[in-house]
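Next come the chains, spelled out residue by residue.
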Amino acid sequence: MRKVLLIVAIAIAVLYLIFCVNRANVLTSPNGTITVEVNDSSMSVVIGQVHAAHVGFGIETNMRKYSGLHLDNMSRPEDIVQDYTMLTGKRSHCHNEGTRVVATFATDNGEKLNVEICAYNNGVAFRYELPTFSNEERIIADNTSYEISDGLRRWMQVYDRQGDVKFYPLNT
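Residues numbered from 1 in each chain as written. Predicted model: local features only at pLDDT ≥ 70, side-chain atom pairs only at ≥ 80, totals over all residues. Heavy atoms only, no water.

(A) The overall build of the protein chain, seen in detail. Of the regular secondary structure elements, the protein chain holds one helix and 15 strands. Burial analysis of the protein chain (172 residues in total) assigns 27% to the buried set. Across the protein chain, the fraction of contacts at a sequence separation of at least 24, relative to all contacts at a separation of at least 6, is 50%. Carbon and sulfur atoms make up 53% of the accessible area of the protein chain, which amounts to about 12100 Å² in all. (Helix = DSSP H or I, 4+ residues; strand = E, 2+ residues; numbered from the N terminus. Buried < 20%, exposed > 50% of the residue type's maximum accessible area, 1.4 Å probe, protein only. Contact = heavy atoms within 4.5 Å. Areas by Shrake-Rupley, 256 points an atom, 1.4 Å probe, with all protein chains shown as cover.)

Now the structure itself:
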């Protein structure tokens, strides 16, 4: 009987290590179809069993350059619900549910960069947050890189300072 209990205890410990400890840097959408793994200076996105994208983080201001980042800390995943009304568009009422983490990265000289990452059932979004941003500081370059797997259907939108919506055509 003791041997059986010992084997069960070891099995539970191994399962805990596999599913909890090794998945500390993983974010999953509410329905489990999208998984985001956060690594040093990047994240990988998996949809179902397909590796969809690899995103490299980086941004530059007139005072600092955030490159060569190392993952310093990552918050626990939290469920989010976003419910809002658009001023224009085909659909005025929007409702999104997702899972969110804040990953804190550090440069070699100790500068911190937060990246808020949200995994939704139909996609992934992220944004940079500079914890020590000053009034004199200006963003001068976005060095984010995207490697999107061939054969995936996606829309890309160009950022336009005038507020015009410019889409690239549907790509595969």
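Back to the write-up after that little detour.
(B) Examining the side chain of Thr104 more closely. Mapped onto the elements of the fold, Thr104 is located in strand β9 (residues 93-106). If sequence neighbours within four positions are ignored, Thr104 has contacts with His70, Leu71, Asp72, Asn73, Lys112, Leu113 and Asn114.

(C) View of the sheet that holds strand β3 (residues 42-47). Taking strand neighbours across the sheet as the criterion, the five strands line up as β1-β2-β3-β4-β13 in an open arrangement whose pairing is antiparallel. Here the strands that pair on one side only, and so sit at the sheet edges, are β1 (26-28) and β13 (145-148). Sheet twist, expressed as the mean angle between neighbouring strand axes with direction ignored, is 20°. (Pairing = 2+ DSSP bridges. Axes fitted to C-alpha atoms, helices over the stretch in contact; angles between N-to-C directions.)

(D) Spotlight on unusual backbone geometry. The phi dihedral of Ser41 is positive, around 60°, even though this residue is not glycine. Of note, Ser41 is situated in the loop between β2 (34-39) and β3. Taking relative accessible area as the criterion, Ser41 reaches 24% and is therefore assigned partly exposed.

(E) View of the pattern of salt bridges. Scanning the model with the defined rule gives six salt bridges in all. As a salt-bridge pair, Lys112 and Asp72 come within 2.6 Å of each other at their nearest N and O atoms. Linking Lys112 in strand β10 (residues 112-120) with Asp72 in strand β7 (residues 70-74), this pair joins segments that are 40 residues apart in sequence. Assessed through its relative accessible area of 44%, Asp72 is described here as partly exposed. (Salt bridge = Lys/Arg side-chain N within 4 Å of Asp/Glu carboxyl O.)

(F) Structural detail: the nonpolar core. Val36, Val38, Phe57, Phe105, Leu113, Val115 and Ile117 are the most contacted members of the largest nonpolar core, which has 23 residues in total. Every element with two or more residues in this core is listed here: β2, β3, β4 (50-56), β9 and β10. No other element matches the four residues that β10 contributes to this core. (Core = buried A, V, L, I, M, F, W, Y, C linked by side-chain atoms within 4.5 Å.)

(G) Seen up close, the sheet that holds strand β6 (residues 65-66). Spatial ordering of the open sheet is given by β6-β5-β12, a layout of three strands whose pairing is antiparallel. Of all strands in the sheet, those bounded by a partner on one side alone are β6 and β12 (139-142). Alignment of strand β5 (residues 59-61) against β12, held across three bridges, turns out to be antiparallel. By the bridge assignment, Thr61 is partnered in β12 with Ile139.

(H) Geometry of the packing of aromatic side chains. Across all of its chains, the model carries four aromatic pairs by this definition. For the ring pair Phe57 and Tyr128, a centre distance of 6.2 Å and an interplane angle of 85° mean the geometry is edge-to-face. With a gap of 71 residues between them, Phe57 in the loop between β4 and β5 and Tyr128 in strand β11 (residues 123-129) connect regions that are remote in the sequence. A residue is classified by how much of its surface remains accessible, and Tyr128, at 19% relative accessible area, is buried. (Phe/Tyr/Trp six-rings, centres within 6.5 Å; stacked < 30°, edge-to-face > 60°.)

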